[in-house]
Structures are given as structure tokens and as C-alpha cells.
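# A structural walkthrough
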Amino acid sequence: MTIPDGPGPTAAYDGNLMAGPLSELFALDVSVAVVRCRGCGANAEVATLRVYGPDPGLVGRCPGCDDVLVRVVRTPDAVWLDLGGVSSLRVPAPKR
Amino acid sequence: MDFVTRGFQGRPRGRDDRLPPGQYLTGDFPVLSAGPTSNVDHDEWELWVATEDGTRHTWSWAELMALPAETVTVDIHCVTSWSKLDTEWRGVSLDTLLADVGTAADFAMVHSYGGYTTNLPLEDLLDGQAWVAYGYEGDDLRPEHGGPARLLVPHLYFWKSAKWVRGIELMLEDSPGFWEQLGYHDYGDPWREQRYQGD
């Protein structure tokens, strides 16, 4: 599958917008993580997702099929994360 | 109770009295979306209502247009804190759409083209409180604001007024929708500032 460059026709942002709220949850930089879409099977860096928001929440969609991959909501006292559209998340980590 | 509370202040209701707590007034109409703008042609558009026993009622665009329409002027309140007063909408009351639908359901899940969902008590869709709206300020409702048709439930935060409405699932038990699953309040009354779970 060919994944088009950049945000979709109506997505205002790409996945770099998710780096801030996700940094509250993950010790590593998730914007360079690769997610696999449960819907179409495409692999995409989080930074290349088509992102809608930022309010009421961030919605990251697959650049291949537009399915919802990641949702993040920051309420006053919690971060809510949904990765239901993702079948795997590969985060580069230091060699061990 | 509202009459007593507001009348107690001894003056006509001004703009401040129409602004729920934590809200500010805007003259704009901000566009908030969880996905791409849906562009559904009238020939392909269909609205369905499904009851708890699986009975399905459907309306084509032409059938929706043939139903009695109402023009309503209401204030709308977004959970992101903007409010807009005196917005004029045209559409079909849910009382009309649900008049011949037999159900014992207490809850509804509203479904949109594009996959968005939101849940409400069924009673909040009845008694002149909700519409399937296709006109805004004298024009067709534009796609970025939910056209060809969106739900309009102005007494709740505006995320409940689902854009690009395509169906209403009637349910015996409550179930959370798209934002209600992720920290937002199940009911969303702006006058009680029910933005997030626990409010």
C-alpha cells in the first residue's frame, strides 16, 4: 500500500502534535514509534499520522486508510489513551 | 426551577445569564472534528433508527424533506468553552421521527458517517429538545458544520450534537460514545459544567 505524504485533505496536523501529551505517558519519544494499523495493516510512524484536534481530544488516523489509530485526551487530572486501532507499537530503544 | 432561580435576580435575562459556567461568548462558529469532513450526497444519504429488537426504520433524503420541519433559535455550548447565542436552525424534530417507533429503550447511541458516536438518554431526544438539522441561518448546513444533516441537542454540550448523523440506535442499557469512552462526561449538561467524568 502506498501511503501519501503529509496530512490528509482535512487533517490540520500530523502526529508530531501528539508528542507532547504522549510524553506524559511514555518514557521514550513516541513520535518516532511505528504503529501497525489494525484495519489495513499499514505501518506508519506516529509523526506521520493524520491528526485532528487538539480539542476535545487528539485523534490520530492511519495515513493509509483513515481509521482511528490513537486517541489522547488530557483532562484536568488525567491522560486518557486509546490505542484500540493499533495492533502493534514499535518504539526504538537503546541497545541492551 | 430555572424560572425561580433566574426570576429571583429581579431583572430580565441578559447575555450573562445565558452563559453557562466556564464558557465565553463567540461570534464565530469554530469547526472541531475528530476526522475528515464527510461529504455525503443526498442520493446516498439515509437516516436509520434501530430499536432494541432489531427493527429498523429508514428515511431517504427526500423522505426527510417531506416531513414537517421546524425553525428553532437556540444557544449552543461547546465543551471547549465557547458558546454561541441565538443560532437559527431548520430541521425535523426527533419527536416526529420517533413518533411511530415502538421501543422500551432508555438510551440512544447516535452514529455518524465517518464513524463518530455519542450516547444520550432517550428522554433528552424527545419533547422538543432535539432535531435532525439540515439548515443553518437560512442556508443549507455546510459539510464542515455537519451537513447535509446533524443532530441538534442544544441543552447538552455540543459534542452530543453529532455531525453527519446517519443513525440512532435505541438501547436498553447505556453505553459510552466516542468521547464518552475517553474521559468526557456521560451526560454533558453545560449548566452543571459536566465536562469530564466525575464532574
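The text that follows walks through the structure, step by step, so that each part is easy to find. (Residues numbered from 1 in each chain as written. Chains lettered and ligands numbered in written order. Predicted model: local features only at pLDDT ≥ 70, side-chain atom pairs only at ≥ 80, totals over all residues. Heavy atoms only, no water.)

What follows is about the interface of chain B and chain A. Listed by partner, the interface residues are 17 residues for chain B and 18 residues for chain A. When the two sides are added together, the surface that chain B and chain A hide from each other amounts to roughly 1,500 Å², 68% of it contributed by carbon and sulfur. At the boundary of chain B and chain A, one finds 4 residue pairs in polar contact (both at pLDDT 80 or more). By residue class, the composition of the side of chain B that touches chain A is 9 nonpolar, 8 polar and no charged. (Contact = heavy atoms within 4.5 Å. Buried area = accessible area lost by both parts, 1.4 Å probe. Polar contact = N/O pair within 3.5 Å; in protein donor to acceptor, adjacent residues only side chain to side chain. Nonpolar A, V, L, I, M, F, W, Y, C, P; charged D, E, K, R; others polar.)

All names here are of chain B. Judged by side-chain charge, Asp106, Glu123, Asp127, Glu173, Asp174 and Asp186 come together as a negatively charged surface patch. Inspection of the secondary structure assignment puts Glu173 in the segment after strand S11 (165–171). In this structure Glu173 comes out as exposed when scored by relative accessible area, which is 61%. (Patch = residues over 30% accessible without salt bridge, like charges linked within 9 Å, V, L, I, M, F, W, Y side chains within 5 Å. Areas by Shrake-Rupley, 256 points an atom, 1.4 Å probe, with all protein chains shown as cover. Salt bridge = Lys/Arg side-chain N within 4 Å of Asp/Glu carboxyl O. Lys, Arg positive; Asp, Glu negative; His and termini not counted. Charge placed at Lys NZ, Arg CZ, Asp CG, Glu CD. Helix = DSSP H or I, 4+ residues; strand = E, 2+ residues; numbered from the N terminus. Buried < 20%, exposed > 50% of the residue type's maximum accessible area, 1.4 Å probe, protein only.)

Okay, the pattern of salt bridges next. Residues and elements named next belong to chain B. For the structure on display, the rule yields 9 salt bridges over all chains. When the shortest N-O distance is used, the salt bridge between Asp75 and Arg18 registers 2.7 Å. Of this pair, Asp75 sits in strand S4 (residues 70–77) while Arg18 sits in the loop between helix H1 (2–7) and strand S1 (24–25); the two residues are 57 residues apart in sequence, bridging distant segments of the chain. Taken together, the shared-partner salt bridges in this structure form one network comprising Arg18, Asp75 and Asp86.

Moving on: the pairing of strand S6 (residues 68–75) of chain A. All names here are of chain A. Among the 8 residues of S6, 6 are classified as buried, and the element is accordingly described as predominantly covered. Bridge count for strand S5 (residues 58–61) against S6 is 4 bridges, and the pairing is antiparallel. Residue pairing for S6: Val59 is matched across the bridge by Arg71. Here S5 hands over to S6 after 6 residues, with Asp66 in that stretch at a positive phi of 70°. In the sheet, S6 pairs with strand S7 (residues 78–82) via 5 bridges, with the strands oriented antiparallel. Within the sheet, the bridge partner assigned to Thr75 lies in S7 and is Ala78. Once S6 ends, the chain turns through 2 residues before running back antiparallel as S7. (Pairing = 2+ DSSP bridges.)

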